[in-house]
Structures are given as structure tokens and as C-alpha cells.
Amino acid sequence: MKPFLTIHHLIQELIGVIGEAISLIVAIVMIITIKEPVPVHYDIAGNVDRYGSIGTIIIMPVIFIPCILILLAAVHIFPLSLWSLPVKPKPGREALIYRDTAYMVTLYTLQTGIYSLLSTIFAGFGKTTLVGTLSAVWAISMVLTALVIFLKCIFENR
């Protein structure tokens with residue numbers, strides 16, 4: 001394990017991975033148990049404008065598997081020389097900047113796993129307004145996470 005990683009990083013990753021795994025299991029169970037079409041597309045107001053087979057419910061969890069694997073690889077496998085940091089670390093500040101950047105990636109893993117799980121459940125049960133709201137919240141949380149970590153890196157690099 002890299003020295004700047006903490007137990008918090010690992011917990012965030014674990015929750016994200018578990019969320020993604022449960023999402024995949026829920027999608028498979030829904031495919032087996034739900035027989036009617038499910039909403040697959042929504043307009044900007046959250047109204048259903050297209051229905052599809054229940055098999056479409058597994059698309060979201062399957063798409064997020066490689067995303068989560070890439071996020072995990074970024075933290076644990078990719079060498080630090082490949083990391084794109086928000087700021088150029090000053091001498092003696094490298095560990096802080098790497099830790100904060102790792103927090104951003106592990107928070108993305110957590111957010112993606114939870115989003116995958118909730119969106120699968122909401123879509124499977126036809127909760128169209130919740131899927132739209134959840135997607136907006138997820139997008140905003142990803143942007144805010146990046147902004148907060150960027151600012152944190154700037155202040156810690158002083």
C-alpha cells in the first residue's frame with residue numbers, strides 16, 4: 001500500500017465496490033423477477049419518454065464496473081509519475097498532495113458505487129423522478145468533490 005493512503009481511503013473504496021457489486025446483483029435479480037417494461041429514457045422534467053425491456057436495467061452496473069476498476073487502478077497500481085495533480089507539490093508537501101488527490105479518486109469510487117446501486121434500484125422500480133434527481137446530485141457531487149480537493153491542495157501546498 002502506498003504510504004499516503006489511509007484507512008479512510010480504503011473504506012471509501014470498499015463501500016464503492018460493495019455498492020457496485022450489490023448493484024449488479026440487484027440488476028440480475030430484477031431481470032429474473034420483473035417481467036414488464038421499465039423506463040429507459042427521461043426528458044428534462046423527469047417524464048418517461050421511452051420504455052425498454054427489463055434487460056436494460058443491467059446496462060448501468062455493467063458500464064460502471066470498468067469505471068470503478070480504473071479508479072482502483074489509479075490509486076493502487078498506476079505509478080505516481082502518471083498522476084495528474086491539481087498543483088505542483090512544493091518540497092515536503094508531496095505526501096499531503098498525493099493523499100488529497102487519492103481522496104478525490106476514492107470519493108469518486110464511493111460516489112460511483114452508490115450511484116450505480118441507487119439508480120439501478122430506482123430505474124427497476126420505475127421511480128423516474130428519483131433517477132433524474134439522483135443523476136443531478138451525482139454530477140454535482142463529483143464536481144464539488146473535485147473543487148474541494150483542488151482548493152484543499154492549493155491551501156496545503158503553501
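Along each chain, numbering runs from 1 in the same order as the chain's sequence is written. Residues qualify for local features only when their pLDDT is at least 70, as the model is predicted, and side-chain atom pairs are given and counted only at 80 or more; totals for whole chains, interfaces and linings, by contrast, use all residues. Water and hydrogen atoms play no part in the side-chain values, which are based on all heavy atoms of the structure.

## Describing the overall build of the chain
- Counting from the N terminus, the helices are the DSSP runs of H or I reaching at least four residues and the strands are the DSSP runs of E reaching at least two. For the chain, the helix and strand inventory stands at 4 helices and 2 strands.
- Along the chain, helices (α) and strands (β) appear in the sequence α-β-β-α-α-α when read from the amino end.
- When the backbone C-alpha atoms are referred to their principal axes, the chain occupies close to 60 × 30 × 20 Å.
- The contact definition used throughout considers only heavy atoms, calling two residues in contact when any of these lie within 4.5 Å. Intrachain contacts of the chain at a sequence separation of at least 6 include 75% that bridge at least 24 residues.
- Total accessible area computed for the chain in this model is approximately 8900 Å², and 76% of it derives from carbon and sulfur atoms.
- Distance between charge centres in the chain, computed from 10 positive and 8 negative side chains, equals 10 Å. Method for areas: the Shrake-Rupley scheme with a 1.4 Å probe, in which residue coverage is limited to the protein chains shown. In this tally, Asp and Glu contribute negative charge and Lys and Arg positive charge; neither His nor the terminal groups of the chain are included. In this description, the location of a charge corresponds to atom NZ of lysine, CZ of arginine, CG of aspartate or CD of glutamate.

## Brief notes about the pattern of salt bridges
- Criterion for a salt bridge: a side-chain nitrogen of Lys or Arg within 4 Å of a carboxyl oxygen of Asp or Glu. A complete count under the given rule lists 4 salt bridges for this structure.
- The salt bridge involving glutamate 156 is made with arginine 99; its shortest N-O contact spans 3.3 Å. Pair noted here: glutamate 156 is in helix H4 (residues 128-156) and arginine 99 is in helix H3 (residues 94-124), with a separation of 57 residues, a long-range link.
- What makes arginine 99 partly exposed here is its relative accessible area of 22%.
- Between glutamate 156 and lysine 152 there is a salt bridge whose closest N-O contact spans 2.9 Å. For every residue, the accessible area (1.4 Å probe, protein chains only) is compared with the maximum for its type, and the residue is labelled buried under 20%, exposed over 50%, or partly exposed between those bounds.

## Remarks on the packing of helix H2 (residues 59-76) against H3
- As a rule, the C-alpha atoms of each element are fitted with a line to give its axis, helices using only the stretch in contact, and angles between N-to-C directions run from 0 to 180 degrees. In the contact formed by H2 and H3, the axes pass within 10 Å of each other and the chain directions differ by 165°. In terms of axis orientation, H2 runs roughly antiparallel to H3. With respect to the hand of their crossing, H2 and H3 are arranged in left-handed fashion. Contacts between H2 and H3 pair Met60, Pro61, Phe64, Ile68, Leu71, Leu72, Ala74 and Val75 from the former with Ala102, Val105, Thr106, Tyr108, Thr109, Thr112, Gly113, Tyr115, Ser116, Ser119 and Thr120 from the latter.
- The residue makeup of the contact of H2 with H3, split by class, is 12 nonpolar, 7 polar and no charged. Here is the rule for angles: anything less than 35 degrees is roughly parallel, anything more than 145 is roughly antiparallel, 65 through 115 is roughly perpendicular, and the remaining ranges are oblique. Definitions for this section: a left-handed crossing has its near helix turned counterclockwise from the far helix by less than a right angle. A right-handed crossing has that turn clockwise. Amino acid classes used here: Ala, Val, Leu, Ile, Met, Phe, Trp, Tyr, Cys and Pro are nonpolar; Asp, Glu, Lys and Arg are charged; the rest, including Gly, are polar.

## A word on the side chain of glutamine 111
- Relative to the elements of secondary structure, glutamine 111 occurs in helix H3.
- The class of glutamine 111 is buried, set by a relative accessible area of 15%.
- Discounting residues that sit within four places of it in the chain, glutamine 111 has contacts with Trp138, Ser141, Met142 and Thr145.

## With respect to the confidence of the model for the chain
- Mean pLDDT over the chain: 90, with 99% of residues reaching 70 or higher.
- Helix H1 (residues 7-33) holds the highest mean pLDDT among the elements of the chain, 95, whereas strand S1 (residues 38-42) holds the lowest, 75. Known as pLDDT, the predictor's per-residue confidence is scaled from 0 to 100.

## Comments concerning a nonpolar patch on the surface
- Together, Ile140, Leu144, Leu147, Phe150, Leu151, Ile154 and Phe155 line one region of the surface with nonpolar side chains, adding up to about 640 Å² of accessible area.
- Structurally, leucine 151 is set in helix H4. Surface patches are defined over residues having more than 30% relative accessible area and no salt bridge, joining like charges when they lie within 9 Å and nonpolar side chains (Val, Leu, Ile, Met, Phe, Trp, Tyr) when within 5 Å.

## Quick word on the packing of H1 against H2
- At a closest axis distance of 10 Å, the pairing of H1 and H2 adopts a crossing angle of 160°. Judged by the inter-axis angle, H1 sits roughly antiparallel to H2. Two packed elements cross with a definite hand, and for H1 against H2 that hand is left-handed. Facing H1, whose interface residues are Leu10, Glu13, Gly16, Val17, Glu20, Ser23, Leu24 and Ala27, H2 presents Pro61, Val62, Phe64, Ile65, Ile68, Leu72, Val75 and His76.
- Residues that form the contact of H1 with H2 fall into these classes: 11 nonpolar, 3 polar and 2 charged.

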